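Remarks on the overall topology
Take a look at the letters that make up each chain.
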Amino acid sequence: MHQGFYFEEFSLGDTFRTEGRTVTESDLVEFVTRHTYSEPLFMDREYIEKETQFEGPIAPALMTVSMADGLSILSGIIHKTGMAFLWMEMDVKAPVFIGDTIHVEIEVIEKRETQKPDRGIINFRHRVLNQKGELVMEYCVKRMIRRKK
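These numbers come from a predicted model, not from an experiment.

**Considering the pairing of strand 5 (residues 119-129)**
- Strand 5 sits mainly inside the fold: 9 of its 11 residues count as buried.
- Summarising the sheet, strand 4 (residues 101-113) and strand 5 pair through 10 bridges and their orientation is antiparallel. When the sheet's bridge partners are listed, Arg112 is paired in strand 5 with Ile121.
- Taken together, strand 4 and the strand that follows it, strand 5, pair antiparallel across an intervening segment of 5 residues.
- Pairing of strand 5 with strand 6 (residues 135-146), which is carried by 11 bridges, proceeds in the antiparallel orientation. For Arg119, the partnering residue across the bridge sits in strand 6 and is Arg146.
- The hairpin formed by strand 5 and strand 6 contains 5 residues between the paired strands, and Gly133 there has a positive phi angle of roughly 80 degrees.

Here it is in structure tokens:
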């Protein structure tokens, strides 16, 4: 993987797009089981079809944001330059279903220097879209990013 961008190399408005990732039933089962999300909305097809407006299981929002942030990390933009995850705010816009393919558009929306000369803070807006181009989630993340020496 290539070296990520240093604090100085990011500019307001810079936008990056990740690769896509299809959500599988195995992903859902593993996440729900591993994190004890024993909610019928995620695993009980009969309940979902009879008691909700959905036609099948949906991915928990925390699963979606985990997958999306994983795609963001795989993009390489902060590879070896990211120092810390500091803050996040998330807004769920629509459900993600088994079989959906998501990708992330990442935009630099704020950057500020710190008192320490080896780092800065960048606020990124992540827009998670499905294969139809529909916005399913938006979240902002503040990260500490290494500066050039």
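Still to come is the rest of the account.
**Comments concerning the packing of aromatic side chains**
- Here the structure, examined in full by the defined rule, presents 7 aromatic pairs.
- Between Phe10 and Phe16, the ring centres sit 6.0 Å apart and the planes meet at 80 degrees, which makes this aromatic pair edge-to-face. This pair shows no difference in class: Phe10 is buried, exactly as Phe16 is.
- Each ring, one from Phe54 and one from Phe97, has its centre 5.9 Å from the other, and the planes form 70 degrees; the classification is edge-to-face. Of this pair, Phe54 sits in the loop between helix 3 (45-51) and helix 4 (61-74) while Phe97 sits in the loop between strand 3 (82-92) and strand 4, and the two are 43 residues apart along the sequence.
- By relative accessible area, which is 26% here, Phe97 ends up partly exposed.
- Clustering of aromatic rings is evident, with ring pairs tying together Phe5, Phe10, Phe16 and Phe124.
- Taking the ring centre of Phe7 as reference, the NZ or CZ of Lys111 above it sits at 4.4 Å.
- Above the ring of Trp87, the side-chain terminus of Lys142 is found at 5.3 Å from the ring centroid.

Criteria and cut-off values
- Residues numbered from 1 in each chain as written.
- Predicted model: local features only at pLDDT ≥ 70, side-chain atom pairs only at ≥ 80, totals over all residues.
- Heavy atoms only, no water.
- Buried < 20%, exposed > 50% of the residue type's maximum accessible area, 1.4 Å probe, protein only.
- Helix = DSSP H or I, 4+ residues; strand = E, 2+ residues; numbered from the N terminus.
- Pairing = 2+ DSSP bridges.
- Phe/Tyr/Trp six-rings, centres within 6.5 Å; stacked < 30°, edge-to-face > 60°.
- Lys NZ or Arg CZ within 6 Å of the ring centre and 35° of its normal.

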